[in-house]
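Coordinates in review
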Amino acid sequence: MIELPEALTIAGQMNEVLKGKRIESCIRGNATHRFAFYSRPPVDYELILKDKLIDDVQYHGSVILASTESDYVLVLGGGGERILFHQCERTIPKTYHLLLCFHDSTYLTVTVQGWGNALLLRKSDLADHPHVGKDKISALNDMFTYDYFYSLLRVLGEEDHRSVKYFIISKPGVCGVGNGYLQDILFRAKIHPKRKAIDLCERECQSLYQSIVSTLRQAADLGGRDSERDLYNRLGRYSRVLGSRQVGQPCPECGTIIRKVQYLGGASYFCPCCQT
């Protein structure tokens, strides 16, 4: 799944190699997928994007925003997309959910695995679209300060039962963080995923904030997780501290056996001793 470090990596690569390229044609997928999310019928993608230049590519949280010289933006990422650049036609996958063909005979494909976005939105609609979340501050943005992070916690009422996991990846959510990086963030902060968010003390809030920023920065510097691929189909170099491979293995801090639980629609990995 593409989270903030992967979105940052891919957006930077797209900006380097695609900026200024002119789109010759666009095909909105050659296969159907129930959870490939589009915003317009296929003919609109072709008519709107044909002969347009890629203007600029940025990331926001876990999504990638590829602006064109028109009033439209391609919104990718945030899910299980495989976004690849091709220098020749023969490397294009047999099945894809978006294909951009450029005038210089290079290509971009988006293939959805699980669920993912291939939206075409007007720039004026970005702020209000739920898959973009422009009203939130990305976790590696300079404006993502401790005061901003703590303000998200302060709005919770005394009887709020949401857990730290729910608070970070659901509502209100830390922009760019999903279940992939949550395990390492909570492990480094020494916080159990089921812990109530309102029960965190000031020291724990500071530790959690610092863990979010440092974990995402380290992963971004390494091109994302070693289970995810960049624009050139290369694996990232960030190896997770906690994940499926560590279940049943000793904790790297205390030696207690790492456990797994199914919680809030996904797996959670934790050390029962370090994360009480």
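Attention here is on the structure that accompanies the text.

**Topic: the nonpolar core**
Counting 32 residues, the largest nonpolar core has Phe144, Phe149, Ile168, Leu208 and Ile212 as its most contacted members. Listed by contribution, the elements that provide at least two residues to this core are helix 3 (146-154), helix 4 (164-169), helix 5 (179-189) and helix 6 (202-221). Contact partners of Ile168, with chain neighbours within four places excluded, come to Gly173, Val174, Val177, Leu182, Leu186 and Leu208. Counting residues in each nonpolar core, the second largest holds 29 residues, with Ile10, Tyr45, Leu49 and Leu76 among its members.

**Structural notes on the packing of aromatic side chains**
All chains considered together, the criterion is met by 11 aromatic pairs. Between Tyr38 and Tyr45 the ring centres are 6.0 Å apart and the planes differ by 90°, which places this aromatic pair in the edge-to-face class. When the centroid spacing of 6.3 Å and the interplanar angle of 85° are considered together, the rings of Phe85 and Tyr232 count as edge-to-face. Of the two residues, Phe85 sits in strand 6 (residues 81-86) while Tyr232 sits in the loop between helix 6 and strand 10 (259-263), which places them 147 residues apart along the sequence. Aromatic ring contacts, followed pair by pair, group Phe144, Tyr146, Tyr148, Phe149, Tyr150, Phe167 and Tyr209 into a single cluster.

The rules behind the values
Residues numbered from 1 in each chain as written. Predicted model: local features only at pLDDT ≥ 70, side-chain atom pairs only at ≥ 80, totals over all residues. Heavy atoms only, no water. Core = buried A, V, L, I, M, F, W, Y, C linked by side-chain atoms within 4.5 Å. Buried < 20%, exposed > 50% of the residue type's maximum accessible area, 1.4 Å probe, protein only. Helix = DSSP H or I, 4+ residues; strand = E, 2+ residues; numbered from the N terminus. Contact = heavy atoms within 4.5 Å. Phe/Tyr/Trp six-rings, centres within 6.5 Å; stacked < 30°, edge-to-face > 60°.

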